[in-house]
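So you can see what is in the structure, the chains are spelled out below.
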Amino acid sequence: MTPIIKASKVTFTYPAKVTALRDINLELNEDEVTAIIGQNGSGKTTLVKHFNGLLKPTKGEVLVEGKDTRDLTTAQLSKIVGYVFQDPDDQLFMSKVYEEVAFGPKNLGFKGKELKSSVKNALKMVGLWESRKKHPLDMNLNDKKLVTMASIIAMKPDVIILDEPTNGQDHQGIVKVESLINKLRKEHTVIIISHNMELVSKVADRVVMMYDSRVIFEGSPKKAFTKKKLLNKTYLKPPLITQLGQGVKGMPSDVLTINELVKELQKVSK
Ligand SMILES: Nc1ncnc2c1ncn2[C@@H]1O[C@H](COP(=O)(O)OP(=O)(O)OP(=O)(O)O)[C@@H](O)[C@H]1O
Ligand SMILES: [Mg+2]
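Definitions and cut-offs
- Residues numbered from 1 in each chain as written.
- Chains lettered and ligands numbered in written order.
- Predicted model: local features only at pLDDT ≥ 70, side-chain atom pairs only at ≥ 80, totals over all residues.
- Helix = DSSP H or I, 4+ residues; strand = E, 2+ residues; numbered from the N terminus.
- Rg over C-alpha atoms; globule rule 2.2 N^0.38 Å.
- Buried ≥ 20, exposed ≤ 12 C-beta atoms within 10 Å, placed from the backbone.
- Contact = placed C-beta atoms within 7 Å.
- Near = placed C-beta within 6 Å.
- Nonpolar A, V, L, I, M, F, W, Y, C, P; charged D, E, K, R; others polar.
- Expected span 1.5 Å × (residues − 1).
- Arc of directions from axis to C-beta.
- Pairing = 2+ DSSP bridges.
- Axes fitted to C-alpha atoms, helices over the stretch in contact; angles between N-to-C directions.
- Domains from an automatic or database assignment.
- Left-handed = near helix turned anticlockwise from the far one by under 90°.

1. Focus on the overall build of the protein chain
Reasoning step 1: In terms of helices and strands, the protein chain carries 11 helices and 10 strands.
Reasoning step 2: Its C-alpha atoms give the protein chain a radius of gyration of 19 Å, near enough to 18 Å, the size a compact globule of 270 residues would have.
Reasoning step 3: The principal-axis extent of the C-alpha atoms belonging to the protein chain is close to 65 × 45 × 35 Å.
Reasoning step 4: The buried share of the protein chain, taken over its 270 residues, is 41%.
Reasoning step 5: When contacts within the protein chain are restricted to residue pairs at least 6 apart in sequence, long-range pairs at least 24 apart make up 62% of them.

2. Digging into the site of ligand 1
Reasoning step 1: If you check the shell around ligand 1, you find 13 residues, and the closest are Tyr14, Ala20, Lys44, Thr45 and Thr46.
Reasoning step 2: Per-element tally for the shell around ligand 1: the top contributor is helix H1 (residues 44-51), with three residues.
Reasoning step 3: Residues that form the shell around ligand 1 fall into these classes: four nonpolar, eight polar and one charged.

3. Comments concerning helix H4 (residues 112-125)
Helical geometry note: an α-helix holds 3.6 residues per turn, so side chains three or four residues apart project in the same direction.
Reasoning step 1: Helix length check: H4, at 14 residues, gives a terminal C-alpha distance of 20 Å against a target of 20 Å (1.5 Å per residue), a fit within 8%.
Reasoning step 2: By the burial criterion, the buried members of H4 are Ser118, Val119, Ala122 and Leu123. Buried residues along H4 cover an arc of 125 degrees about the axis, so they all sit on one side. Exposed residues lying more than 90 degrees from the buried face of H4 are Gly112, Lys113, Glu114 and Lys124.
Reasoning step 3: Packing partners of the buried residues in H4 comprise helix H3 (97-107) and helix H5 (141-153).

4. With respect to the sheet that holds strand E5 (residues 67-68)
Reasoning step 1: With antiparallel pairing, the four strands of this open sheet are ordered in space as E2-E1-E4-E5. Both edges of this open sheet fall to strand E2 (19-28) and E5, since each of them pairs with a single strand only.
Reasoning step 2: Direction of pairing for strand E1 (residues 5-13) relative to E2: antiparallel, over a ladder of six bridges. The residue bridging Thr13 from the neighbouring strand is Thr19, located in E2.
Reasoning step 3: Sheet strands touched by H1: E1, E2 and strand E4 (59-64). Its angle to E1, the strand with the most contacts, is close to 125 degrees.

5. Here's the deal with the pairing of E4
Reasoning step 1: Pairing of E1 with E4 involves five bridges; the strand directions are antiparallel. The partner of Ala7 across the bridge, within E4, is Val62.
Reasoning step 2: In the sheet, E4 pairs with E5 via two bridges, with the strands oriented antiparallel. Bridge assignment links Leu63 to a residue of E5, and that residue is Asp68.
Reasoning step 3: Two successive antiparallel strands, E4 and E5, enclose a turn made up of two residues, where Glu65 displays a positive phi of approximately 45 degrees.

6. Thoughts on the domain arrangement of the protein chain
Reasoning step 1: Looking at the protein chain, the domain boundaries give domain 1 (5-92 + 155-237) and domain 2 (239-270).
Reasoning step 2: One C-alpha centre belongs to domain 1, the other to domain 2, and the line joining them spans 29 Å.
Reasoning step 3: Listed as interface residues are eight residues of domain 1 and, on the opposing side, six residues of domain 2.
Reasoning step 4: Sorting the residues of the side of domain 1 that touches domain 2 by element identifies helix H7 (197-203) and helix H8 (221-224) as the ones contributing at least two each.

7. Examining the sheet that holds strand E6 (residues 81-84)
Reasoning step 1: Reading across from one edge, E6-E7-E8-E3-E9-E10 is the order of the six strands in this open sheet, with mixed pairing throughout. Edge positions in the open sheet fall to E6 and strand E10 (214-219), since each of these has one partner strand only. Within the sheet, the average angular offset between the axes of one strand and its neighbour, ignoring direction, is 15 degrees.
Reasoning step 2: Sheet topology note: the strand E3 (residues 33-38)/strand E9 (residues 206-211) ladder contains five bridges and is parallel. Of the residues in E9, the one forming a bridge with Ile37 is Met209.
Reasoning step 3: Where H5 meets the sheet, it contacts E6 and strand E7 (159-163), and its direction lies at approximately 170 degrees from that of E6.

8. Comments concerning the packing of H3 against H5
Reasoning step 1: H5 packs onto H3 with a crossing angle of 35 degrees between their chain directions and a minimal axis gap of 7 Å. Handedness of the crossing formed by H3 with H5: right-handed. Note on element contacts: H5 touches H3 through Val147, Ala150, Ser151 and Ile152, opposite Val97, Glu100, Val101, Phe103 and Gly104.
Reasoning step 2: The residue inventory of the contact of H3 with H5, partitioned by class, reads six nonpolar, two polar and one charged.

In structure tokens, the structure reads:
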């Protein structure tokens, strides 16, 4: 299967001379949920901005659906890959939620019924249809984040990137984001950047771990959470359930769910 996104030997240096990516080789498969994790400043946002062409590699190449991002215009790329910014204030600029969400699809040429239905579907999906007349900047961080997600969903890209979707969200917000990702995965390839390992363990098929501008691990969440040394290096801890399992003698170190934990505890206590 051709990867939907392929990065080969990608190095990126910001004009301020900060090298944020070093020799990144990565293949992302269609229809998977990939979680990119790693400490602050390790290069996660810089990496995903290469997937929708906001940034182009200083060295190496990024292929999206087999095409070099340098050969595609931003408009062409935004049909394929949608990026929801880490900070919603960097993305929001219209005075009404509805207009904010309609902006992207309008730019892609959506008109009439198609435009209306894509905006409505996206706002319903994030639970904000009733708030369509509000000013985005008057909303709380939870809802601002959801508006930015709707703006991208309305454009119907193949790949949706959510940069720290649960950042600043309360428990209810986190539950909403989890259920949204589960809806999105049915029709899109999803990439999330997250510091929330509980969320990662629940939604990700694959984990990419970054440290100091490099990818230091890629594999299943189960495997990622047994890599204690690597996680320590990136100041991350496995989800609580996994930590509980790891604290019990004779238990496997890759327990991810409560059901698995109960099963394994029953085995150990026999
Ligand atoms: N516009 C910029 N100009 C110069 N350096 C930058 C710029 N944006 C980011 N950097 C630097 O590049 C490195 C990687 O930053 P990046 O934002 O990609 O990391 P991150 O893993 O997303 O971090 P966080 O978890 O804090 O969001 C950091 O050292 C950061 O300071
Ligand atoms: Mg970031």
